[in-house]
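Fold and contact review
Residues per chain, in single letters:
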Amino acid sequence: MYRKSVLDNGIRVITERMSGVRSLTIGMVLEVGSTDETAQNNGVAHCIEHLLFKGTTGRDAATLARMIDMAGGQLGAFTARDYTCLYAAVLDDYRTFALDIFGDVLLHSRFEADAFRREKLAIFQELEAGEEQPAKLTQELLKGTVWPGHPLGRNIYGSRASVESLSREELLNFYADHYGANRLIVSAAGNLDHDDFVAQVNDALWSLPATRQMARSVPAPLYQGAVAVRERESAHVYFAVGVPAPTYTAPDRYAAYGLNTVLGAGMSSRLYEALRDERGWVYEIGTNYHPYREAGLLLVEGFTTLANFLPVVASIVGELIRLTDEPVGAEELWRAKEYLRGEILIGAEGSNTRMSQLATQEMYFGRFLPLEELVEGVRSLEAADLQGLAERVFEPGLVSVAAVGPFEDTAQTERQLGELVGLS
């Protein structure tokens, strides 16, 4: 059962009781992420996420770490482009314990200079590790290429230069500007009573002030079709083919999920069958829909050999064009809708997924979307919806490619890719 309350200081508390479980998942979702940053302070939100657990006025980092371990389950945090999430998956009798930790770190974190210096070094290692993961690097390369100069195109972790230049004063100002009661959603799913949980959240966070910057002011990015190739010693070429896609709340988002499923979600998808099963050109290929508040991106990602790279990209472009020319058949559409319906309903059985859905629905839509509404949005899809979206986004000039691999001549490869996707 979904319920929502708003505390006097503006914190939104949203819960869903799940019967038959002894656990619950709690999320502190703050409407601040890397899209709130500038090129100069890129990475500051991720730095803050790290430092929240590195000492408060009443507890040092070691004490917080011991408390987190005592709670069992999982307790952690992550930074995304549109938001930051602190979360805890614990037994129901540890919820007060978890809320006490969250209240302490949000209200009393010290952000000490020495801790800040140490976390910068840890983040540099994260950045270096990301450079060593070609699949992740390719996706970041593509986003930076299609959204140049926009926060959505920047690395959530920042760059070594931007993180190194951050001062403690800049970090404290960013925290005061963006981390406050009016931007906080507390969501929980599992074994709990709503009124009791609201009272405990109020005890932990009643004194959290509002942010100094009251509203988000992030413009929509201008999508730029482009290709980007980076040389890297590797046995494979890692690639990402992208096209613009609907935002998180756009009416045609269900069509985007449908296209994503038909193209590359699962072993019966078009690209998996054509490139893995029939030709053996790839070991791994799939699609992902990345929707954000201001924009969206549909990605085809995978890896192949250098010899097969250009044929693979040509085949992907061919499948994109086919979706604009030929409506998806009735049986294929039915399979895609059943796949999506299963994802919705099976995912809803886990408290972690339900907690996340409660928070993101409130953040993006400002309301609760019942499972029945989500399933109906999928079931109502028609072939014309998928073809109409395909016609709008699978156009020459909109298909972009990023690739990382053992290229001998990156400029020549970029020219060849430009011809394949209609950019030259």
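The sections below set out a description of the structure shown in this document. In this convention, every chain numbers its residues from 1, walking through the sequence in written order. Where local features are concerned, this predicted model is filtered to residues with pLDDT of at least 70; where side-chain atom pairs are given and counted, the filter is 80 or more; whole-chain, interface and lining totals use all residues. Working from all heavy atoms in the structure, the side-chain values ignore hydrogens and water.

1. Notes on unusual backbone geometry
Residues other than glycine predominantly adopt negative phi, and peptide bonds predominantly adopt the trans conformation. Positive phi, normally seen in glycine, also occurs at Phe-111, with a value near 50 degrees. The way it works is that DSSP assigns letters per residue, a run of H or I at least four long becomes a helix, a run of E at least two long becomes a strand, and they are numbered from the N terminus. Assignment of secondary structure puts Phe-111 in the loop between α3 (95-108) and α4 (113-131).

2. Some thoughts on helix α8 (residues 194-205)
Along its 12 residues, α8 runs 16 Å from first to last C-alpha, staying within 8% of the 16 Å computed at 1.5 Å per residue. Contact partners of the buried residues in α8: β1 (2-6), β2 (12-17), β3 (23-30), α3 and β6 (184-190). Its side-chain oxygen placed 3.3 Å from the backbone nitrogen of Asp-195, Asp-193 serves as the N-cap of α8. Here a helix's expected span is defined as the number of its residues, less one, multiplied by 1.5 Å. Every residue pair with non-hydrogen atoms within 4.5 Å of one another is taken to be in contact. A 3.5 Å cut-off defines polar contacts: any pair of N or O atoms within that distance qualifies, except that in protein one atom must be a possible hydrogen donor and the other a possible acceptor, and neighbouring residues in sequence count only when both atoms are side-chain atoms.

3. Focus on the nonpolar core
The set of buried Ala, Val, Leu, Ile, Met, Phe, Trp, Tyr and Cys residues whose side-chain atoms join them within 4.5 Å is what this entry labels a nonpolar core. For the exposure calls, accessible area comes from a 1.4 Å probe over protein chains only, and a residue counts as buried if that area is under 20% of its type's maximum, exposed if over 50%, partly exposed in between. Within the largest apolar cluster, 54 residues are counted, with the highest numbers of intra-cluster contacts made by Ile-26, Met-28 and Val-186. With 6 residues, α3 is the single largest residue contributor to this core. Core analysis: the second largest hydrophobic core is formed by 50 residues, Val-243, Val-312, Leu-389 and Leu-417 among them.

4. Some remarks on the packing of aromatic side chains
Stacked, tilted and edge-to-face pairs are distinguished by plane angle, under 30 degrees for stacked and over 60 for edge-to-face with tilted covering the rest, among Phe, Tyr and Trp rings (Trp via its six-membered ring) whose centres lie within 6.5 Å. Per the counting criterion, the structure on display carries 15 aromatic pairs. With a centroid separation of 4.8 Å and 15 degrees between ring planes, the pair formed by Tyr-175 and Tyr-179 is classed as stacked. We note that Tyr-175, like Tyr-179, is buried. Aromatic rings pair up to connect Phe-111, Phe-174, Tyr-175 and Tyr-179 into one cluster. Either the NZ atom of lysine or the CZ atom of arginine qualifies as a charge over a ring when it sits within 6 Å of the ring centre and within 35 degrees of the ring normal. A cation over a ring is seen here: Lys-120 above Phe-116, with NZ or CZ 4.8 Å from the ring centre. If you follow Arg-279 out to its NZ or CZ, it ends over the ring of Trp-281, 5.1 Å from the centre.

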